[in-house]
Amino acid sequence: MRSRKGGNLSGGQQQQLAIARALLTNPKVLVLDEPTEGIQPSIIKDIARALREIRRMRKIAIIVSEQVVSFMMDVCDRVLVIDRGQFVHEADRANIDADKVKKILAV
């Protein structure tokens with residue numbers, strides 16, 4: 001894979017590469033905007049697992065803007081749901097109402 005150019009990687013591999021590039025700067029906060037968009041479900045699980053490990057090892061904050069509730073529940077400690085510019089639901093992961101969040105996010 002080392003000899004391949006980033007543009008020749010799959011969508012999931014490109015997303016992982018983008019996260020790796022961001023981590024090279026040793027940030028205190030990592031901000032991800034819909035990291036699962038266009039990614040196949042098995043890769044989404046890999047990304048979630050990697051983010052949990054990164055957070056644990058590096059002790060950095062990760063802010064994720066995401067519509068895939070299962071991914072959000074996998075990687076977040078705290079959830080803020082925004083609807084039309086307003087915070088409509090806020091809770092830590094243990095107390096999140098996933099059904100309510102899914103209804104809010106449903107199109």
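Higher on the page you've got the structure.
Everything quoted here is computed from the prediction, not taken from an experiment.

K.L.:
So what's going on with the pattern of salt bridges? Which residues, and what values?
P.N.:
Tallied over the full model, the rule gives seven salt bridges. Among the salt bridges present, the one from R55 reaches D77, with a minimum N-O distance of 3.8 Å. Taken as a pair, R55 in helix 2 (residues 41-58) and D77 in the loop between helix 3 (69-75) and strand 3 (78-83) lie far apart in primary sequence, 22 residues in all. Close ionic contact of R78 with E90 constitutes a salt bridge, the shortest N to O distance being 3.1 Å.

K.L.:
Tell me what's going on with unusual backbone geometry, and back it up with residues and numbers.
P.N.:
You will see that E34, though not glycine, has its phi angle at about 45°, which is positive. Position of E34 among the secondary structure elements: in the loop between strand 1 (29-33) and helix 2. A positive phi is found at R84, a non-glycine position, where the angle reads about 55°. Locating R84 in the fold gives a position in the loop between strand 3 and strand 4 (86-92).

K.L.:
An account of a nonpolar patch on the surface is requested, with residue identities and associated values reported.
P.N.:
There is a patch of nonpolar side chains on the surface, built from V29, V31 and I63 and spanning about 270 Å² of accessible area. Among the secondary structure elements, I63 is positioned in strand 2 (residues 61-65).

K.L.:
So what's going on with the nonpolar core? Which residues, and what values?
P.N.:
In a soluble, globular protein the nonpolar side chains are often hidden away together inside. With 23 residues, the main nonpolar core has I19, L30, I47, L51, F71 and V75 as its most contacted residues. Listing elements by their share of this core, those giving two or more residues are helix 1 (11-23), strand 1, helix 2, helix 3 and strand 3. It is helix 2 that contributes the most residues to this core, six residues altogether. What I47 contacts, discounting residues up to four positions off in sequence, is Q15, Q16, I19, P35, I39 and F71.

K.L.:
How would you sum up the environment of D99? Please name residues and give values.
P.N.:
Along the chain, D99 turns up in helix 4 (residues 98-105). Taking the C-alpha atoms as reference points, D99 and S42, 57 residues apart in sequence, are found 23 Å from one another.

K.L.:
Could you give an account of helix 2, with specific residues and numbers?
P.N.:
Taking 1.5 Å of rise per residue, 18 residues should cover 26 Å, and helix 2 covers 26 Å from first to last C-alpha, within 8% of that figure. Buried residues along helix 2 sit in contact with helix 1, strand 1, strand 2 and helix 3. Once helix 2 ends, the next one or two residues include K59, with phi positive near 55°.

K.L.:
I'd love a proper account of the packing of helix 1 against helix 2, names of residues and values included.
P.N.:
Any two packed helices are characterised by the angle at which their axes cross and by the distance between the axes. At a minimum axis separation of 10 Å, helix 1 and helix 2 run at an interaxial angle of 15°. If you check the angle between helix 1 and helix 2, you find them roughly parallel. The interaxial crossing formed by helix 1 with helix 2 has right-handed handedness. Touching G12, Q15, Q16, I19 and L23 of helix 1 are I43, I47, L51, I54 and R58, all from helix 2. Considering only residue class, the contact of helix 1 with helix 2 consists of six nonpolar, three polar and one charged.

Calculation rules
Residues numbered from 1 in each chain as written. Predicted model: local features only at pLDDT ≥ 70, side-chain atom pairs only at ≥ 80, totals over all residues. Heavy atoms only, no water. Salt bridge = Lys/Arg side-chain N within 4 Å of Asp/Glu carboxyl O. Helix = DSSP H or I, 4+ residues; strand = E, 2+ residues; numbered from the N terminus. Patch = residues over 30% accessible without salt bridge, like charges linked within 9 Å, V, L, I, M, F, W, Y side chains within 5 Å. Areas by Shrake-Rupley, 256 points an atom, 1.4 Å probe, with all protein chains shown as cover. Core = buried A, V, L, I, M, F, W, Y, C linked by side-chain atoms within 4.5 Å. Buried < 20%, exposed > 50% of the residue type's maximum accessible area, 1.4 Å probe, protein only. Contact = heavy atoms within 4.5 Å. Expected span 1.5 Å × (residues − 1). Axes fitted to C-alpha atoms, helices over the stretch in contact; angles between N-to-C directions. Parallel < 35°, antiparallel > 145°, perpendicular 65-115°, else oblique. Left-handed = near helix turned anticlockwise from the far one by under 90°. Nonpolar A, V, L, I, M, F, W, Y, C, P; charged D, E, K, R; others polar.

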